[in-house]
Amino acid sequence: MKFAIFGDIHANLEALHAVLADAQEQGCANYVCLGDVVGYGANPVECLEIVRSLGCPVVRGNHDEGASDNSSLEDLNPLAEHALRWTREQLNEDQTQWLRELKLVRQVRDFTIVHATLDSPGSWGYVTNRFDAMASFSYQFTQVCFYGHTHVPRLFEKEDSVRAARGSEVQLRRGVKYFINVGSVGQPRDGDPRASYAVFDSQNHFIQIRRLDYDMPTAQRKIREAGLPPLLAERLSLGK
Ligand code: ZN
C-alpha cells in the first residue's frame, strides 16, 4: 500500500496540483496531510477544499490554527501575520471550522503524523537537530512518524542513539525508529524550490522524498495580484 504524505501546502495551488498528479502516477491510493494547508499563498480556499475532498487524515498546523481562531497574530513574523489576516477574510465559516477541528496528532494505520513536534505538538517548536528529535522520540510509540513545519526534508533515526541521516530514500529496518520531515509542498526552505512530499510504500517498508517542478510563475503572480507581500512570491524562487 502506497501513501502520499504531504504538508505545508501554504495555499500554493499549483504546487499541490503537481504533487497530487505525481502521487497518482506513483500509484498512491492513500493520502495523509501534515497541516499548514493555508497561509502565505493565494489559494487557501481551493487548497483547503482539495485536501478536504481527499477525505484523508489531516493534522493541524500553526497556520491552520492562526487562520481559524480569533487569537492575536502579533507573535508571528510580519509576513505570516499579513498573510493570515488576508486568509481569514477568504475562508467561510464552514472552512474555518474544518481547520479549527483538526487534531494535533493522529495515528494512521501503524504510523503517526504531527505538524511540529510530538513532545509538545501545540507549542509549534521546530525539530532541526538530533536533540530536538530526541525529545519527540520519547513520545513516539510507532516505528515511523512523519512531520513538517520546518519546510526542510530531514530524516532522524533512533537505534541506540539518535542520528540525522542524509539522502532522499530510506529502507526501514527492524528495531529502528524514524522521525521524518517530508518537506513542504508550497514553500520549500532548503534552497531547492521544487515542491516536496514523500511516498511511503508500507508493504516494502520504503520511503522516498520526491521533488517536483510546478507552475511557479502562476503561483507568484497570484500572490502579487492578491496584494500579499511580494516577498512571499520572491521566496518561492529561492526555496527559502
Ligand atoms: Zn508551514
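Positions within a chain are numbered from 1, following the residues in the order the chain's sequence is written. Note on the predicted model: pLDDT of at least 70 is required for a residue's local features to be given, and 80 or more for side-chain atom pairs to be given and counted; whole-chain, interface and lining totals, by contrast, use all residues. The side-chain quantities take in all heavy atoms of the structure and omit both hydrogens and water.

1. Examining the layout of surface pockets
Short version of the rule: Here a cavity denotes grid points, spaced 1 Å and computed from the protein atoms alone, that fit a 1.4 Å probe unable to get out, and a pocket denotes an open set having protein on both sides within 12 Å along at least 5 of 7 lines; residues with an atom within 4 Å of a point are the lining. Grid points are joined across faces, edges and corners, and a volume is the space filled by probe spheres set on the points. Strands here mean DSSP runs of E at least two residues long; helices mean DSSP runs of H or I at least four residues long; both are numbered from the N terminus. Side-chain classes are defined by residue name, with Ala, Val, Leu, Ile, Met, Phe, Trp, Tyr, Cys and Pro counting as nonpolar, Asp, Glu, Lys and Arg as charged, and the others, Gly among them, as polar.
Of the volumes computed, that of the largest pocket is approximately 330 Å³. Every residue lining the largest pocket is counted, 20 residues in all, and those nearest its centre are N62, H63, L76, W124 and H149. Sort the elements by how many residues they give to the lining of the largest pocket and helix α3 (residues 62-68) lands first, with 4 residues. Looking at the second largest pocket, its volume works out to about 190 Å³. Considering the residues around the second largest pocket, the lining is formed by 13 residues, among which P153, R154, L155, G167 and S168 are closest to the centre. Here the residues of the lining of the second largest pocket sort into 7 nonpolar, 3 polar and 3 charged.

2. Here's the deal with the packing of helix α1 (residues 13-25) against helix α2 (residues 44-54)
So the rule is basically this: Here the axes come from fitting lines to C-alpha atoms, over the contacting stretch only for helices, and the angles between their N-to-C directions go from 0 to 180 degrees. Should an angle fall under 35 degrees it is taken as roughly parallel, and over 145 as roughly antiparallel, whereas 65 to 115 is taken as roughly perpendicular and any remaining angle as oblique. Two helices crossing with the near one rotated counterclockwise from the far one by less than a right angle form a left-handed crossing, whereas a clockwise rotation gives a right-handed crossing. Whether two residues are in contact is decided by their heavy atoms, any of which lying within 4.5 Å being enough.
Contact geometry for α1 and α2: axes closest at 9 Å, N-to-C directions at 25°. In terms of orientation, α1 and α2 fall into the roughly parallel class. Two packed elements cross with a definite hand, and for α1 against α2 that hand is left-handed. For the pair formed by α1 and α2, the contact residues are L13, L16, H17 and L20 on the first element and E46, C47, I50, V51 and L54 on the second. Tallied by class, the residues present in the contact of α1 with α2 amount to 7 nonpolar, 1 polar and 1 charged.

Keep in mind these values describe shape, not function.
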